[in-house]
Structures are given as C-alpha cells and as structure tokens.
Amino acid sequence: MSQEHNMRRVTAIRNGTVIDHIPSGQAMRVLEMLNMNKTTSVPVSMVMNVPSKKMGTKDIIKVEDRELTQDELNRLALVAPEAHVAIIRAYSVAEKMTIQIGEEVTNVVRCTFSNCITTNLREPLAHRLRVMGREPLVLRCHYCGRPQDLEKLIGNLL
Amino acid sequence: MLAGNYPSALIVAVGNVHGCLSPVVEKRGSNMAGLITMDDLSNDEIQSILEDAERLLPVAEGKIYLPLLQGKILGNLFFEPSTRTRMSFETAMKRLGGDVVNLGDVKTSSVVKGETLFDTIQMVDGYTDIIAMRHPRQGAAQYAQDAARVPILNGGDGAGHHPTQTMLDLFTIKQAHGRLDGLKVILAGDLRYGRTVHSLSHALTRFGCELIFASPKLLRMPAEIVEDLTAHGANVVETEDLLSSLEEADVVYMTRIQKERFADEDEYTKVAGAYKLHASNLEGTKEDMIIMHPLPRVDEIHPSVDKTRHARYFQQAFNGVVARMALLCRLLGVKVPEDISPAGGEL
C-alpha cells in the first residue's frame, strides 16, 4: 500500500504538525508524552498499524492548528526516536524536523528506582536522566545512578 | 512563581520544561565541587589526597595543633544513624581548628514536619562552609550537591556510594602495602547491600587490583556493578568460598551479614557461619596480608583475630579522621603544608 494511500486514511490538514514513522502501537504513548491525551482542544487524528516500506507497519499522528516545538518533539526520543515530523502550513510542508536527544532527558520522566531521592515529588530540582547510549537508548538517573528500564520509564511520565 | 519563594542570590535561573519549574543553583566562589562518588576524583587526585593525609597524621593523633580550618564550619547532616562517619568528620574538623554544627536527631528536626531535602540544604548552606551528609535515599548526595552552593561530602546515600569511607580504606591499604596497584583483594560478606564495598571495588579496579567477591548467593555483588567493573577492565572472581582464597590475598575486607536479609534465622546461621574469620583460619596467609572491616562487626571477625598482625580494622576506623581531614582541606581549597613539623605547634 502506498504512502499516498496511508495519508488519505485521514484528511489532509491545513495547518499543524504531522508525526510519521512512529513505531507501530506507540501512537497513544506519543500523545501521552506530548500531554495531548487529556488536555488538548485542537483536532488530533491518529492512524495505527498502517503498512510502511521502511518499518513494516507504523503509526501516524496529525495535530491540527498547532506547531509542536523542538523541545516537545525531543520528548518522543524515548518511544519514537526515528519519527519524521513535518510542520504544515496552507496544506504544504513548511518545515521538516527530526527528534534529537541531547546529553540528558530533563523533566520528561522520573527515575524508576523506588528508593531514589526524586521519588519525593515535592523535591523541586529537575528530573534528570543522563544519556549513556543511543542505539539502543541507555539512560541513567543523574542522582542515584541507576540504569533505567525503558518499559517502566514510560509509566513515569511527568 | 516558585523562584519568588527562594532567596534571589541563590536561585539564578528557573528552568521551565512543560510546566515543571526547577530551581538552578549557583555555586559559591572558588570552592571545589563536592565528593559524591569516587568518579569525582582522578587517580592522581586520590594519590595526592592520600599524601596530604599521611602528612596530617600527627595532627590527627593530637601531637601537633594545626588550625588550617580555623573560622570554617562543617554542617553534619546525618538523616540516618552513624557513629564512626559522623564522629570522625567532627573530630577531623576540630583537630584542624574548625567548628561543627549538627542536624541532630532527625525525629526532632524540621525533616519530620515534611521539609524537602532541597529546603533543608538551603538552610544549612547558609550556616556552613561545607556539608557532610548521610541519607537513606539513593542519589540524595548528588541532589544536595545540585541544591547547595557549598561542597557536599557524601557520607552514604542508600545503597549508593560512600566515597569518604573508600578514601580511608585506600589510605589503610596504602599504609600497609606502600601502594594501591596490583593487589589481590577479597571483599567478603554482604556485597549486595553494602555501599562501602560498591565504592571500594570501583576504586580498586582503577588501580588495577585483582578482586575476589566472596559472598552467599543471596548477597552477591549486584550484576550491574560487576558488569561495570569488567567493562573497566577489572579482573573479578565471584565465589561462595571465602577461606580457600585467603592464602593468596593481600587484603581481606570483611563486611557484616545482617539477619534481616534472610527469610529465617536457620538460613542466616548457616550462611553467616561461612563468612567468619577466626585466628586459626589465618595460618598460611601472606605475612603482610591485612584484614579490614568498616565496623561495626558482629560475629564475622572473632576477637582472636584482633591480636594478630593482620588485624587493621581499628586502625582503619582511626584513619577515618585523617582521610577526612585531608578531604575537608581539599574541598575547602586549603593547602596542606609540605612540612608539618612540631615547631610552634607541638602539644
């Protein structure tokens, strides 16, 4: 099935953001990581498990009337590091963005270790996970030093 | 605004990431950062601090008065019980002419009212020049370091690190063997929960020591630490048999096996029995082999060992003072004189 066919599954958007090449089944998590699962008021379309030449199957999200920032997109490094992002203006791709992961993931998730100092959510300093490896992604808590289980980490979104 | 709740001189920026406001703290003047893990020190720095400690021995012994830290105040923040670490920090500071303020009993401090560690650190930071801290939560020392303008000395954070203990352990080993490199060291007992052995094994690996981990299965060194050590080129052997390796060891580092780690007392008695040293076990060991223990001991070293030439644990406890004196000077930016003679200062 063609790329064009995938895109036609949902209406083309006039203005907003398209996140393509999300690993199959991760679209809900992506929305959660963007804090768009509960609080957003703009139209959001999502397709899941559509065929992809590169990935076999993939998910796609279209967010209307909102241009996601690089900071917001970088949050997705935990679940969709290879996602392609396009900013749409007047039905055309105005800008292409990639997800970047720096030296540290800050205030996105909190450490999964039950005895880490950061489990006290009243503590005000930033939640910081250091990036120790990229492929695969390896994270360690800046404070307690514990390696993070990525599956568990998703449950600790801030 | 969160920033409005903190003194303006202290909070220099507020990060705003997805609605999370996090204070960022500016460090005070020329002070070095603290000591949170042994990774904060290079091998050269370790050696240089141990040399300072060696020169400070007569001061630690009370034979010379050398008020290098006069006018400086150490804040002792012990959020969980400590005897040796807290007392030796206090002794070290006072032997160098400095002063100490204590958090006191956590049960009667503001911590029990729900104060965050961040707030406690802001307060003590204002009262002191350096903070020594122990906390039950792992990562608390790094957190305090990020929250404070003064240096933090980690006196133990959960099952994490205990670098000042490692420095005194290294000092004791060097005192006995004249070197740190290439020694064969047995770490025995509870290797799973003991932060002392975690920090020490990392440091010994950096000096090319051969490590033998002797422990019951239940209390083995955590896999991620063994992986870390081997990734750094460590030569590690894991065994349940302590006694069979004794003859080849240069250092035997014993730790306490705690009853509460076992489901029933019979199992504890059976297991703990295999990690006890008696003077009769020491026949055939190297003449200069030393036995160390972070103390307190329960049954793992029989009093018959105390009188042998191998026993070093009480000397090791004393060395806590001299190692911490050297660390306090280093972190406060005070140079230890090359020549510390009794002239003008002998007591």
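Within any chain, residue numbers begin from 1 and follow the written order of that chain's sequence. To read the labels, note that chains go from A and ligands from 1, taken in the order they are written. Given that the model is predicted, a residue must reach a pLDDT of at least 70 before its local features are reported, and side-chain atom pairs must reach 80 or more before they are shown or counted; all residues, however, enter totals for whole chains, interfaces and linings.

Trainee: Would you mind going over the overall build of chain B in detail, with residue names and values included?
Mentor: If you tally the helices and strands in chain B, you get 9 helices and 11 strands. The exposure label follows from counting other C-beta atoms within 10 Å of a residue's C-beta, where the C-beta atoms are placed from the backbone and the thresholds are 20 or more for buried and 12 or fewer for exposed, leaving partly exposed in between. Burial status across chain B gives 46% buried among its 347 residues. Placing a C-beta atom from the backbone of each residue, one calls two residues in contact when those atoms lie within 7 Å. Across chain B, every contact between residues at least 6 apart in sequence was considered, and the portion connecting residues at least 24 apart equals 73%. Only DSSP runs of H or I reaching four residues or more are called helices, and only runs of E reaching two or more are called strands; each is numbered from the N terminus.

Trainee: Residues and numbers for the environment of Glu67 of chain A, please.
Mentor: All names here are of chain A. Along the chain, Glu67 turns up in the loop between strand S3 (56-64) and helix H3 (70-74). The exposure class assigned to Glu67 is partly exposed, which follows from the 15 C-beta atoms found within 10 Å. Distance from Glu67 to Asn15, taken between C-alpha atoms, is 8.1 Å for residues 52 residues apart in sequence. In this structure, Glu67 is in contact with Gly16, Thr17 and Ile87, ignoring residues within four places of it in sequence.

Trainee: I'd like to hear about the interface of chain B and chain A, residue by residue, with values.
Mentor: Taken together, the 21 residues of chain B in the interface contact 22 residues of chain A. Looking at the side of chain B that touches chain A, the elements with two or more residues in it are strand S1 (11-17), strand S2 (20-25), helix H3 (117-127) and helix H4 (140-147) of chain B. Looking at the side of chain B that touches chain A, the element that brings in the most residues is H4 of chain B, giving 5 residues. Among the residues making up the side of chain B that touches chain A, the classes are represented as 9 nonpolar, 9 polar and 3 charged. Under this grouping Gly is polar, as are all residues other than the nonpolar Ala, Val, Leu, Ile, Met, Phe, Trp, Tyr, Cys and Pro and the charged Asp, Glu, Lys and Arg.

Trainee: Explain the confidence of the model for chain A to me, and be specific about the residues and the numbers.
Mentor: Across the chain, each position has a pLDDT score giving the predictor's confidence in that residue, from 0 to 100. Per-residue pLDDT for chain A has a mean of 88; in total, 94% of the residues score no lower than 70. When mean pLDDT is taken per element in chain A, strand S4 (residues 84-89) of chain A scores highest with 94 and helix H1 (residues 3-8) of chain A scores lowest with 59.

Trainee: Describe unusual backbone geometry, listing the residues and the values that go with them.
Mentor: The residue after Leu295 of chain B, namely Pro296 of chain B, is reached through a cis peptide bond having omega 5°. Even without glycine at this site, His21 of chain A takes up a positive phi of about 60°. By the element assignment, His21 of chain A lies in strand S1 (residues 16-23). A count of 15 C-beta atoms within 10 Å places His21 of chain A in the partly exposed class. Despite not being glycine, Leu295 of chain B shows a phi value in the positive range, around 60°. Relative to the elements of secondary structure, Leu295 of chain B occurs in the loop between strand S11 (290-292) and helix H9 (313-331). Overall, the presence of 16 C-beta atoms within 10 Å leaves Leu295 of chain B in the partly exposed class.

Trainee: I'd like a description of the sheet that holds strand S9 (residues 235-239) of chain B, backed by residues and values.
Mentor: Residues and elements named next belong to chain B. Here 5 strands make up an open sheet; going across it, the order is S9-S8-S7-S10-S11 and the pairing parallel. Only two strands of the sheet have a single neighbouring strand rather than two, namely S9 and S11. In this sheet, neighbouring strand axes are inclined to one another by 20° on average, regardless of whether the strands run parallel or antiparallel. Paired strands, as defined in this entry, are two strands with at least two bridges between them according to DSSP. Bridge count for strand S7 (residues 184-188) against strand S10 (residues 251-254) is 4 bridges, and the pairing is parallel. By the bridge assignment for S10, Ala188 is matched with Met254. Set on the sheet, helix H6 (residues 195-206) makes contact with S7, strand S8 (210-214) and S10; between it and S7 the angle comes to about 165°. As a rule, the C-alpha atoms of each element are fitted with a line to give its axis, helices using only the stretch in contact, and angles between N-to-C directions run from 0 to 180 degrees.

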